[in-house]
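Inside the fold
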Amino acid sequence: MIIDRAEVIVTSPDRNFVTLRLTTDDGLTGLGDATLNGRELAVVAYLKDHVVPLLLGRDAHRIEDTWQFLYRSAYWRRGPVTMAAVAAVDTALWDIKGKAAGMPVYQLLGGASRNGLLAYGHASGKTTEALFDSIREHREQGYRAIRVQTGVPGLKSIYGIASNATYEAMNGVRYDHEPAQRGALPNEEDWDTRSYLRHVPTVFEAVRNEFGPELPLLHDAHHRLTPIQAAQLGKSLEPYDLFWLEDVTPAENQEALRLVRQHTTTPLAIGEIFNTVWDYQQIIREQLIDYVRSAVTHTGGISHLKKVLDYAAQYQIKSGMHGPTDISPVGMAAAMHLGLSIHNFGIQEYMRHGARTDQVFRQSFTWADGYLHPGDEPGLGVEFDTDEAGKYPYVQAYLPFNRLADGTVHDW
C-alpha cells in the first residue's frame with residue numbers, strides 16, 4: 001500500500017486539534033493526532049513543510065522503518081514538536097494497518113491483556129464543599145478513581161481548578177484540566193508554595209473522611225515544587241494513601257527524584273512532558289518513579305511509547321498515559337489500544353471531550369462502570385468528519401503561566 005495523500009487538518013470545535021490524515025492508493029485512510037497544547041501551529045508547519053513531502057510514495061505497511069526514517073533523518077531530533085509530528089504519522093499508519101487487516105489495533109499489538117481500562121477523572125473545587133460536589137458528580141458518572149485538585153486560600157486562580165472564566169471561553173464546557181485559553185496573550189495566575197504545602201494535606205484528610213479509604217485518589221503538583229518541597233508533600237500525604245502524586249518536581253532534573261524517594265513512599269508519576277525513551281533512562285533504571293505519564297501523541301506514537309513501557313515493565317513500573325482534552329479523540333483511541341494490549345497497564349487518564357468535538361471525531365470506544373474499551377472496529381475506531389471540522393477554524397490560544405507574589409515567573 002502506497003501513501004498517495006497526506007493532509008494536515010486544524011479544527012477548533014471545543015479547543016484546537018491538529019489531525020494528520022493519510023490515504024493510500026487503494027483508498028484506506030489513517031488518522032494521527034499531532035496536537036501540542038498551546039503550540040499547535042508549530043507542529044502544523046513541521047508536518048506540512050518537512051514531513052508530508054517525505055511520506056508520499058512510501059509503503060504504508062513499513063511502520064517501524066518510517067518511524068526510524070523520520071526520527072534519524074532529521075538529525076535535529078527529539079523535542080515536543082518533532083515527536084508530536086512523528087507520533088501522528090506512526091498512529092495513522094497503525095490505523096491503516098488495522099483497517100487493512102480488518103482488525104482493531106490492539107489485536108495487532110498482541111491482543112487484549114485485560115477486559116477494560118481503569119480510568120480516572122478530574123475533580124476540582126475552589127472550596128472543600130465545591131470539591132466534594134465535583135467528586136460526587138464524577139462518581140455518578142462511573143469513575144472509580146479520581147484526581148483531586150483544590151483551590152488554595154489567598155490564591156485567585158491556579159492550575160486544575162474549573163472557573164467561570166473557563167466556562168465562558170470554552171462555550172460553557174467545564175474543564176477541570178485547563179485547555180489552552182483562547183486569546184492573544186496567556187492568562188497570568190498566582191502561586192505561593194508554602195500556602196499550598198500547608199493546605200493540601202488538610203484537603204486530603206477531609207476527602208478521606210468524607211469518601212472513605214477505598215476510593216483511589218490522585219493529585220498533580222504540576223512541576224511547581226523544589227526537590228525538598230516535593231519530598232515534604234509526599235511525606236505529608238502518606239496517611240491518605242494516594243494512588244499517585246504526579247509531576248511533584250520539574251522532571252528535567254531527574255536526580256531530584258532520588259531525594260524525593262528517600263523521604264516518601266507515596267507513589268510517583270512522571271513524564272507528561274517527556275518525548276522519548278531516552279528521557280526515561282535514568283528514572284526507570286533507578287526505579288525513581290512508579291508510573292509513566294507520557295502520551296502517545298507527544299512520545300513518537302504507538303510504536304515508541306510501547307518501547308518505553310516495555311522498558312518500564314522490567315522494573316515493575318506501570319503506565320499512566322496522559323489523556324485529558326489536550327489529546328484529541330484520535331490520540332485517546334491510540335492510548336486505549338496500547339493500554340489494552342500491554343501487560344504493565346496502570347491507569348488511564350480520561351476527561352470527556354465536548355459535544356462539538358464528538359461530532360468532528362466519531363468514536364467507537366465504550367465507557368462503562370469506570371472502564372474504557374477502544375472497541376472492535378478495524379484500526380483505531382475513529383472517523384473524522386471533514387465538513388464538521390470545517391465549521392471550527394483555528395483560534396489562537398495559550399496555556400496560562402504563574403507569577404509569585406514578588407513578580408517572579410514560576411512553573412505553572
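Residues numbered from 1 in each chain as written. Predicted model: local features only at pLDDT ≥ 70, side-chain atom pairs only at ≥ 80, totals over all residues. Heavy atoms only, no water.

In the nomenclature of an unreviewed UniProt entry, the protein corresponds to D-galactonate dehydratase family protein from the organism Glycomyces albidus.

Our focus in this paragraph is the overall build of the protein. What the protein contains, in helices and strands, is 14 helices and 20 strands. Counting only C-alpha atoms and orienting by the principal axes, one finds that the protein spans roughly 60 × 45 × 40 Å. Relative to all contacts within the protein whose residues are 6 or more apart in sequence, the contacts with residues 24 or more apart total 72%. Carbon together with sulfur atoms contributes 49% to the accessible area of the protein, which is approximately 16000 Å² in total. Separation of charge centres in the protein, based on 38 positive and 51 negative side chains, amounts to 3 Å. (Helix = DSSP H or I, 4+ residues; strand = E, 2+ residues; numbered from the N terminus. Contact = heavy atoms within 4.5 Å. Areas by Shrake-Rupley, 256 points an atom, 1.4 Å probe, with all protein chains shown as cover. Lys, Arg positive; Asp, Glu negative; His and termini not counted. Charge placed at Lys NZ, Arg CZ, Asp CG, Glu CD.)

Attention shifts here to unusual backbone geometry. One non-glycine residue, tyrosine 75, adopts positive backbone phi at about 65°. Here tyrosine 75 shows up in the loop between helix 2 (63-72) and helix 3 (80-101). Tyrosine 75 gets classed as exposed once you look at its relative accessible area, which sits at 57%. (Buried < 20%, exposed > 50% of the residue type's maximum accessible area, 1.4 Å probe, protein only.)

Let's shift gears to the pairing of strand 8 (residues 217-220). A two-sided burial pattern is seen for strand 8, the buried positions comprising Leu217 and His219 on one face and Leu218 and Asp220 on the other. One ladder, built from two bridges, connects strand 5 (residues 145-150) with strand 8; its direction is parallel. Each bridged residue has a counterpart across the sheet, and for isoleucine 146 the counterpart in strand 8 is leucine 217. This β-α-β element, strand 8 to helix 8 (residues 227-237) to strand 9 (residues 244-246), shows right-handed connectivity. (Pairing = 2+ DSSP bridges. Right-handed = clockwise from strand over helix to strand, strands pointing away.)

Taking 1.5 Å of rise per residue, the 13 residues of helix 5 (residues 128-140) would be expected to cover 18 Å, and the 18 Å separating its terminal C-alpha atoms lies within 8% of that figure. Along helix 5, the positions that sit buried rather than exposed are Leu131, Phe132, Ser134, Ile135 and His138. Down the axis of helix 5, the smallest arc covering the buried residues is 160°, so these residues share one side. Exposed residues pointing more than 90 degrees away from the buried face of helix 5 are listed as Glu129 and Glu140. At its buried positions, helix 5 is contacted by strand 4 (117-125), strand 5 and helix 7 (193-211). (Expected span 1.5 Å × (residues − 1). Arc of directions from axis to C-beta.)

You can read the domains of the protein as domain 1 (2-104) and domain 2 (109-380). Between domain 1 and domain 2, the C-alpha centre-to-centre distance is 25 Å. A buried area of about 3000 Å², summed over both sides, lies between domain 1 and domain 2, and 58% of it is on carbon and sulfur atoms. Summed over the three residues of domain 1 that lose the most area to domain 2, namely Asp14, Asp33 and Pro104, the buried surface amounts to 23% of that side. One salt bridge connects arginine 78 with aspartate 279, and the closest N-O pair in it is separated by 2.9 Å. Across the domain 1-domain 2 interface, the total number found is 17 residue pairs in polar contact (both at pLDDT 80 or more). Those elements giving two or more residues to the side of domain 1 that touches domain 2 turn out to be strand 2 (17-24), strand 3 (29-33), helix 2 and helix 3. For the side of domain 1 that touches domain 2, the element with the highest residue contribution is helix 3, accounting for eleven residues. Class assignment for the residues of the side of domain 1 that touches domain 2 results in 16 nonpolar, twelve polar and eight charged. (Domains from an automatic or database assignment. Buried area = accessible area lost by both parts, 1.4 Å probe. Salt bridge = Lys/Arg side-chain N within 4 Å of Asp/Glu carboxyl O. Polar contact = N/O pair within 3.5 Å; in protein donor to acceptor, adjacent residues only side chain to side chain. Nonpolar A, V, L, I, M, F, W, Y, C, P; charged D, E, K, R; others polar.)

With respect to the helices, strands and loops of the structure, proline 250 is situated in the loop between strand 9 and helix 9 (256-263). Using a relative accessible area of 22% as the deciding quantity, one classes proline 250 as partly exposed. Through-space distance from the C-alpha of proline 250 to that of histidine 298 is 17 Å; in sequence the pair is 48 residues apart. Apart from residues no more than four positions distant in its own chain, proline 250 is found in contact with His223, Leu225 and Asp411.

Read across the open sheet, the three strands follow the order 7-19-20; overall the sheet is mixed. The open sheet has two edge strands with one neighbour each: strand 7 (188-190) and strand 20 (409-410). Note that strand 7 and strand 19 (residues 401-403) share three bridges and pair parallel. Each residue of the ladder has a partner; that of glutamate 189, found in strand 19, is asparagine 402.

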